Each structure stands twice: as C-alpha cells, then as structure tokens.
Amino acid sequence: METTLIKLNENAARFVSKPKKMFISGRWVDAVSGKTFETRNPATGDLITSVPEGDKADIDLAVRAARHAFDEGPWRTLKPYDRSKLLLKLADLFEENAEELAHLETLDNGAPLSMTKHYPGGAAENIRYYAGWTTKITGETVPVSVPGKVFNYTRKEPIGVCGQIIPWNGPLMMAVWKLSTALATGNTVVLKPAENTPLTALRIGELVQEAGFPDGVVNIVTGFGSTAGQSLVDHPLVDKIAFTGSTAVGKQIMKSSSANLKKVSLELGGKSAHIVFADADYEKALQNAANAILLNSGQVCVAGSRLFVEKKIYDNFMSDLADYTKNYKLGNGFDPSANLGPLISAKQKERVLGYLDLGRDEGAEMLVGGNAADGLENGYFVKPTVLANVNNSMRIAQEEIFGPVVSGIPFTDIDEVIKLANQTEYGLGGGVNTTDIRKAHLVAEGLRTGSVWVNTYNLIDPASPFGGYKQSGLGRENGAESIDLYTETKSVWINL
Ligand code: TAP
C-alpha cells in the first residue's frame, strides 16, 4: 500500500494486507459471530482494513483462556527471572520491528511519524523497566506484637486475570503500559484496544507470541466498548480491570465492576492548568505552552488546555502564542514536513468544532484557528486554536475538548492562580513556568494533580508514577506504584 507521501514500510504493508484475526489462547481467530468492522486512516478517511468484531462470546473465550493460563498453565509457576527474560525478548522485538510499528501507528492513529518513530523505543524501555522488577517484588517481615512466638511476613502475589481497556490517542504506548506491569507481576491479560486503533495491538499480539509467552497469558479482542468492553468489565472470572479512557466510561466501569468487586484502576480525562508567570523565560514558556496543547493535536489526557498567564504579560503572550502556532504544520503523518496530525475520527472532529462554536457563544476571542483545515485529503483536521478572554468557569475551560484548542485565562497572583487551577473536577497534570524557585515549589505543592511539570511539560518516564487526583483516575501507572495495582498482599502467620 502506498500512502500519498511515503511508501508504507514493507512489513507494515504486509501486516495490513493479511486478514485480521484476534488473539485468543495462542491462536489467531475470527469473531464467533463472524462479524468485522473497519478501521480508517484519519489523515485521509480511507479504509485501511477490517478487523474481527469481538463481543460477549469472544470475551468469554478470551477470559477463560486467561483464567486457565493463570490457574493451571505454566505461567503461575514460572520463575521471576524467566518472566523477566520473556519480557526482555519482547522489548527486543519492539526495537527490531520499530519502523513497522511506527508506520502502523501513524496509519491507524494519524500521529506524525516524527512522533511515532519514538514509540517502539519508548515501549521497549517501559517493558525493560518492568522486566527488571520481576525479581524485586518482595514482601516484608513484620514485627507483630501478638502473644507467643509468632513469625509474620507478607507476600506480593498477582491478582489474576486482568481486563485491560485502552483508548485510541496513544494506542501502542497505552497497550505497553498496561501489558508490561501486568505481565511482570505474573498476571494474565485480556486486552481490548479502541475500535478506532486496533492495528498495533494486534501486531503486539504477534510479538508476544514470537517472544514465547505461554498460550492464554495475553489475549487480544478487538471490538466495541459497549459490547466487548462492557462484557469484559461484567465478566465474573475477571479479577481486575485496568482502564484508560474518558471519565464518563470510567465511572460506568466502576459501577459494573462492583458486581464481583473487581479491583479497578483508572486513568481518565483531564483539563490541566499550564501556568506562566511574568518572570518566566518567555521564549521557553511559549514553547512549553504550545507543546502542552498541541502534542498529538491536543489528544493527550494531560494536555495543558487551560493556559493561565499573569495579567501583565497576558496580551503579548497570547498574541505571541497565536503566532507561534505557525511553527506547526498540519498534514498527513507520513509527510516529513508535517508535525501536527489529524484528529482520530470524523466524530472527534465534529466534537472539537462543536466546542469552538461553544467558545464563540461564550464570548471567547479566537486569536488563531477556530475551524477545520479542509482540503487535506478528506482527513479529520482542525487548525491549532488559541482562545483569549476565557474565564475559568466557562464550559470551554471546564470540559475536556481533546483537540488542539487552548483557553487563555489571565491571573494576578500565585494564590489566585492555584485556586483557579484547582477549580476543575479533574486532577491529572499541570505545569508552571517561572524563574522563581519559591513560586515553582508553591505551585507544585498547591496543584491537586498527579503530575506537575516546572519549566517543561509532557515529560513521562517508566520509573515515575503517572495518574490522576479527583475525577482523573484511581491508582498510578509506571514506577514502583504500578506494582501495587497488579498485586495482592498476603499476610502469613506462623506459630513457632
Ligand atoms: P472512551 O470512550 O472512554 O474509550 C476508551 C476505551 O473504553 C475504548 O477502548 C472504548 O471502546 C472502551 N469503552 C467504551 N465504553 C465502554 C464500556 N461501557 N465498557 C468498557 N469499555 C468501554 O475514551 P476515548 O474517547 O477512547 O479516549 C479519550 C479519553 O481517554 C479522554 O478523556 C482522555 O483524557 C482519556 N485518556 C486518559 C489517559 C490517562 S493516562 N489518564 C490517557 C489517554 C486517554 P471503543 O473504542 O469501542 O469506544
């Protein structure tokens, strides 16, 4: 397959052209119903391929395969070092197939190749980080004070079968974040990728198989959220659900999971505050503000979509930011000159344009952008948009838009801006630009968010925990904390 601007990597083209199957119990299978659904290239609207439409029956097969692999398969008794070796092999395979994976991600998700080419290496790093953990997950000896001679210790054990449900905005990395920790801790998995971006997840299934993981340890079911996703959440043999997606669906998942009290971890939406003090390094702050909202066309859960700028520089900063967006070229992700891709779907494009209409109605001023970028091969493009004269209580400042739209809000002092920044139901990320170390620390302490970036934005590392306060989620992925999300702690008492 040729894209308009670059020849698709040969292996990616081969992968796309072969019939797509789901991965259940080590076998590649069609949906029980025989149904399929389409996945399209968001840069052109063109059909890429069709994938099986898994639903309740397929989820049931996948969960039973994962259950069997956990309860009776060789996975449970595999030595931690051997689990580590499998993960390290998987990491190597990500690197060996890096170009293919990056091409598949750009094709399916639309993100520029200049960005996705870093994903396989990032994925390998994440997997290796957790491969290192397999041999370091330890319990404790506990100095209990009960009568007699008693020895008490704890064991960290896998939870069991984990249902993992991921969104479309960073499908490859989201799949890896979920799989690496679950596997390092000895769980088995049923993964459901987003309907808009099934391709890299299916390719990852092939790599899992090539790495030599036992059958049923990883199962991948493509399908829709309301059927396949909901069935996974409802399934009584699933012990844990790990979900990344919208807050609305996250709430629904918590409710459904209560039926058999599944453990639940959630990475949800955000409306992150990015703060610029007048004393900041101006050029750096401009760059950070643009990167905070425009990375992945704003389809990032921690997008710095509320930009708080100190009043005395507000007008200049907002106008310079509008100007700065000229550094971003919208286009097909395979176009080497494009650094801003399309939105994921026609639906998402309509949603973002709806918010732009709302912004006009609410009295925001469009300094740049404000509409679709038409004529780009029928793709789902929206221009980078900078809105001024926004106040924090407007809907455009409170609701997650998930597009390249930033709302500029003026502030007077540090106490006011911390208060405004926290006036949101979300608590995922936040940023502050200042050369005053005191302000930096006060804001870092004051923001009720899972991450705070000072004079930078969007940095993420496998060793550093990531997740949300308030309605942005439950639990932390990455880092040592993620081990807790995937293990149960057992207390063992021995009468000596
Ligand atoms: P959602 O609509 O919530 O979808 C996420 C996933 O859940 C998809 O696989 C979806 O399937 C599935 N799903 C939908 N309804 C379900 C149900 N009733 N039961 C089980 N699964 C269901 O989110 P989205 O629009 O794809 O992604 C955007 C959202 O994700 C944003 O709010 C963003 O902030 C959030 N996000 C958060 C993070 C972190 S780390 N906090 C990272 C990335 C994205 P379908 O694809 O078939 O709908």
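Residues numbered from 1 in each chain as written. Predicted model: local features only at pLDDT ≥ 70, side-chain atom pairs only at ≥ 80, totals over all residues. Heavy atoms only, no water.

An unreviewed UniProt entry lists the protein chain under the name Betaine-aldehyde dehydrogenase, with Oceanobacillus zhaokaii given as the organism. Taken from UniProt, the Sequence similarities (unreviewed entry) comment for the protein chain reads in full: "Belongs to the aldehyde dehydrogenase family." (UniProt positions renumbered as here; feature names shortened; annotations may be inferred.)

### Describing the environment of Tyr-355
Mapping Tyr-355 onto the fold places it in helix 13 (residues 346–361). Since its relative accessible area comes to 12%, Tyr-355 is described here as buried. For the pair Tyr-355 and Lys-85, spaced 270 residues apart in sequence, the C-alpha separation works out to 48 Å. Excluding anything up to four places from it in sequence, Tyr-355 contacts Ile-396, Glu-399, Glu-400 and Ile-401. (Helix = DSSP H or I, 4+ residues; strand = E, 2+ residues; numbered from the N terminus. Buried < 20%, exposed > 50% of the residue type's maximum accessible area, 1.4 Å probe, protein only. Contact = heavy atoms within 4.5 Å.)

### Remarks on the confidence of the model for the protein chain
In this model, the protein chain carries an average pLDDT of 97, and 99% of its residues clear a pLDDT of 70 or more. Interface confidence for the predicted complex, expressed as ipTM, amounts to 0.94; the pTM equals 0.97. (pLDDT = per-residue confidence, 0-100.)

### Brief notes about the layout of surface pockets
Taken as a whole, the largest pocket holds about 1200 Å³ of empty space. Lining the largest pocket are 47 residues, with Trp-168, Ala-194, Asn-196, Ser-246 and Lys-347 sitting closest to its centre. Every element with two or more residues in the lining of the largest pocket is listed here: strand 3 (36–40), helix 9 (225–234), strand 10 (240–244), helix 10 (247–257) and helix 13. Residues of the lining of the largest pocket, tallied by class, amount to 22 nonpolar, 15 polar and ten charged. Counting the residues that make up the lining of the largest pocket, at least three belong to each of domain 1 (10–268 + 473–491) and domain 2 (273–454). Forming the walls of the second largest pocket are 31 residues, and the residues nearest its centre are Tyr-119, Met-173, Leu-295, Asn-458 and Ile-460. When contributions to the lining of the second largest pocket are tallied by element, the ones reaching two or more residues are helix 5 (113–116), helix 6 (119–133) and helix 7 (171–184). Per-class residue counts for the lining of the second largest pocket are 15 nonpolar, twelve polar and four charged. Counting contributing residues per domain, the lining of the second largest pocket is built from domain 1 (10–268 + 473–491) and domain 2 (273–454), each supplying no fewer than three. (1 Å grid on protein atoms, 1.4 Å probe; cavity = no way out; pocket = protein on both sides within 12 Å on 5 of 7 lines; lining within 4 Å. Points joined across faces, edges and corners; volume = space filled by probe spheres on them. Nonpolar A, V, L, I, M, F, W, Y, C, P; charged D, E, K, R; others polar. Domains from an automatic or database assignment.)

### Topic: the UniProt feature "active site" (unreviewed entry) in the protein chain
As annotated by UniProt and renumbered to match this structure, "active site" (unreviewed entry) occupies Glu-267. As for its placement among the helices and strands, Glu-267 is situated in strand 11 (residues 263–267). Overall, Glu-267 belongs to the buried group, its relative accessible area being 6%. Non-local contacts of Glu-267, meaning those with residues more than four positions away in its chain, are made with Lys-178, Phe-243, Thr-244, Gly-245, Phe-466, Gly-467, Gly-468, Ser-472, Gly-475, Arg-476 and Glu-477.

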